[in-house]
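Each chain, letter by letter, is given below.
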Amino acid sequence: TLTHVLWSLLNSIPGNTVQRPHRHNSVALDLCVSASPGVYTLMGEEIDQDGQIINPVRCDWTTGGVFITPPGWWHSHHNESNDIAWVLPVQDAGLY
């Protein structure tokens, strides 16, 4: 936890894996710490009955690059490389 309303973590995505679609209530600013070609995030507002993102936007990761995951959007992280990919998301969790 960074503050009462901000949090962050260093997330790793092992090579040749997929993190299934999920969503968060707050916006995320994602800093790609390290990624080989073939690492990307798919994002979209809806999922189908099989849990797949409908009409996803693809965001390829590049080392030092930043992308935003909008609040409430479904997203999945994909690593088609053989290397571990690292991302540092910062989220506004808000006070509840």
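Use the structure listed above.
We now turn to the structure provided with this report.

Calculation rules
Residues numbered from 1 in each chain as written. Predicted model: local features only at pLDDT ≥ 70, side-chain atom pairs only at ≥ 80, totals over all residues. Heavy atoms only, no water. Helix = DSSP H or I, 4+ residues; strand = E, 2+ residues; numbered from the N terminus. Buried < 20%, exposed > 50% of the residue type's maximum accessible area, 1.4 Å probe, protein only. Polar contact = N/O pair within 3.5 Å; in protein donor to acceptor, adjacent residues only side chain to side chain. Contact = heavy atoms within 4.5 Å. Pairing = 2+ DSSP bridges. Axes fitted to C-alpha atoms, helices over the stretch in contact; angles between N-to-C directions.

Let's shift gears to the side chain of Thr69. Mapped onto the elements of the fold, Thr69 is located in strand S7 (residues 66-69). Judged by its relative accessible area of 4%, Thr69 is buried. A polar atom in the side chain of Thr69 sits 3.0 Å from the side chain of Asp30. Setting aside residues no more than four positions away along its own chain, Thr69 makes contact with Ser26, Val27, Ala28, Asp30, Met43 and His75.

Before going further, it helps to spend a moment on the pairing of strand S8 (residues 74-79). Among the six residues that make up S8, six are buried, leaving the element largely enclosed by the rest of the structure. Side chains Trp74, Ser76 and His78 of S8 all project onto a buried face; the interleaved residues His75, His77 and Asn79 project onto the opposite face, where all are buried too. For strand S3 (residues 17-22) and S8, the ladder comprises four bridges, and the chain directions are antiparallel. By the bridge assignment, Gln19 is partnered in S8 with His77.

Spatial ordering of the open sheet is given by S3-S8-S5-S6, a layout of four strands whose pairing is antiparallel. In this open sheet, the two edge strands, each paired with only one partner strand, are S3 and strand S6 (57-60). Averaged over neighbouring strand pairs, the angle between their axes works out to 15° when direction is ignored. Relative to S8, strand S5 (residues 39-44) is paired through six bridges, and the arrangement is antiparallel. Its bridge partner being in S8, Leu42 is matched across the sheet by Ser76.

Scope: geometric values only; no functional claims are made or implied.
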